[in-house]
Amino acid sequence: MTTSDSSTTLPERAAALVDLLRRNAARTEEDRRVTEENIEALADADLFLLTVPRRFGGHQASIRTLLEVSAELGRGCGSTAWFTALVNVCGWVVGLFPERVQREVYGEGPGARVCSVLTPGGTSRAAGEGQVVTGRWPFASGCLDAQWALLGTPVTGADGEQLDRGVALVPLAELTVEDTWHTVGMRGTGSHTLVADDVFVPGHRILSLTGALRGEYPTEFTDEALYRSAFVPVLSSVLVGPQLGMARGGLELVTASLGKGRPLSHTFFAQARAASSTQIQLAEAAQLIDTAALHLMRAADDIDGWAASGRAMPLLDRARVRMDTATVARRSREALDILLTLHGAGSFAEANPLQRLWRDQETASRHAMTNPAVASELYGRALLGVEEQITPLI
């Protein structure tokens, strides 16, 4: 395994896999999970190790690098990019735990993969030095190819009172995967439901969600800047790297089709590329994608910058990252919509990869963490100094 922390070679490795991901995109969708060939290629390129601590053989790369890699992969397959982004952000969360926990996950090598459903769910009861959890956690992307799971759960006291909200790290072997992911988009993410039935989780494997939202992490390695990054800004930003990539993939496909000299139907244009309407629509889509990229990289640099400084990221900056990520989702979706209009009804032929990109984009961009209306309200409140917020997830 490589331990290089280069922020340039990792996106290049991702870009080198785009053609493979495109070839396997239909199979990934049909199988409703990322193909083994994709997983092996990603593992060979060490692209599951972006956020694993260097102490265990990982890259410990920046958040910007993580987003650049997922955007590259999204050009080829939205589901594979999403899967890779979430495996890596879960690796980052593991890096927030005490070293004891990190050794449990990576002690035999940095290649262990973790999935997550951080939305608090299920029930718990105190048991000795830990909690016994029971419940169902839907939308666990990548759970079919993970060895561990992070589950949002209440933390209760001896009398059943809720003491905190936590994130429990559980071996996947102690959970059941229920096949529930039947969707029209992002089908290959395998985002099924995880089920726990009286599973004991020792206290050292439960991260305080309340503390994490304040930037309080139990890792002993406080000099490692990556694991000082603001909790919600990281979790929200990783959701839109693949979406930017999908929009870029659509732009590449449409531009290539125009280069083949196809006509503009029901007009006098023998080549669609000669029409002003084509040129204007292509430029509008490209500019929307550029806007999305600028917002995403600003968010990444804000996260990395505050983490490097050793200071907590202020509320206003965290709210702006939520707004940035919503903007990436919205502008990427708008760009792809223009591109499909430009390409015409043929975009929706089953053999045309544009229709898969469209369905994946329409699905991914509806994630609750990137809701533009919610992001606008919380950012507006932060700008005005309104203390009462609409969510703790900032």
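Residues numbered from 1 in each chain as written. Predicted model: local features only at pLDDT ≥ 70, side-chain atom pairs only at ≥ 80, totals over all residues. Heavy atoms only, no water.

1. Section: the overall build of the protein
So, step 1. Across its full length, the protein holds 13 helices and eight strands.
So, step 2. Here the protein has a C-alpha radius of gyration of 21 Å; the compact-globule value for 394 residues is 21 Å, and the two agree.
So, step 3. Each of the three principal axes of the protein carries a C-alpha extent, and together these read 80 × 50 × 40 Å.
So, step 4. For the protein, the share of sequence-separated contacts (at least 6 apart) that also reach a separation of at least 24 residues comes to 74%.
So, step 5. Mean positive and mean negative side-chain charge positions of the protein (36 and 46 charges, respectively) differ by 5 Å. (Helix = DSSP H or I, 4+ residues; strand = E, 2+ residues; numbered from the N terminus. Rg over C-alpha atoms; globule rule 2.2 N^0.38 Å. Contact = heavy atoms within 4.5 Å. Lys, Arg positive; Asp, Glu negative; His and termini not counted. Charge placed at Lys NZ, Arg CZ, Asp CG, Glu CD.)

2. Notes on the sheet that holds strand β6 (residues 176-178)
So, step 1. One open sheet accounts for four strands, arranged β2-β3-β7-β6; its pairing is antiparallel. This sheet does not close on itself; its edge strands, each paired only once, are β2 (123-127) and β6. Direction aside, neighbouring strands of the sheet carry axes that sit 20° apart on average.
So, step 2. The pairing of strand β3 (residues 130-140) with strand β7 (residues 192-202) spans eight bridges and is antiparallel. Paired with glycine 135 across the strands is alanine 196, a residue of β7. (Pairing = 2+ DSSP bridges. Axes fitted to C-alpha atoms, helices over the stretch in contact; angles between N-to-C directions.)

3. Description of the pattern of salt bridges
So, step 1. Scanning all chains against the criterion turns up 21 salt bridges.
So, step 2. Linking arginine 356 and glutamate 29 is a salt bridge whose minimum nitrogen-to-oxygen distance equals 3.6 Å. Highlighted residues: arginine 356 in helix α12 (residues 353-364) and glutamate 29 in helix α2 (residues 18-31), separated in sequence by 327 residues.
So, step 3. In the salt-bridge network here, residues are joined through shared partners; they are Arg22, Glu72, Arg75 and Glu252. (Salt bridge = Lys/Arg side-chain N within 4 Å of Asp/Glu carboxyl O.)

4. Re the layout of surface pockets
So, step 1. A volume near 1000 Å³ is recorded for the largest pocket.
So, step 2. Classifying every residue of the lining of the largest pocket by side-chain character gives 25 nonpolar, 11 polar and four charged.
So, step 3. In this structure, the second largest pocket encloses a volume near 300 Å³.
So, step 4. Every residue lining the second largest pocket is counted, 21 residues in all, and those nearest its centre are Arg214, Gly215, Tyr217, Arg228 and Ala312.
So, step 5. Residue assignment for the lining of the second largest pocket shows that the elements contributing at least two residues are α7 (209-213) and α8 (231-237).
So, step 6. Its residues placed into classes, the lining of the second largest pocket shows 11 nonpolar, five polar and five charged. (1 Å grid on protein atoms, 1.4 Å probe; cavity = no way out; pocket = protein on both sides within 12 Å on 5 of 7 lines; lining within 4 Å. Points joined across faces, edges and corners; volume = space filled by probe spheres on them. Nonpolar A, V, L, I, M, F, W, Y, C, P; charged D, E, K, R; others polar.)

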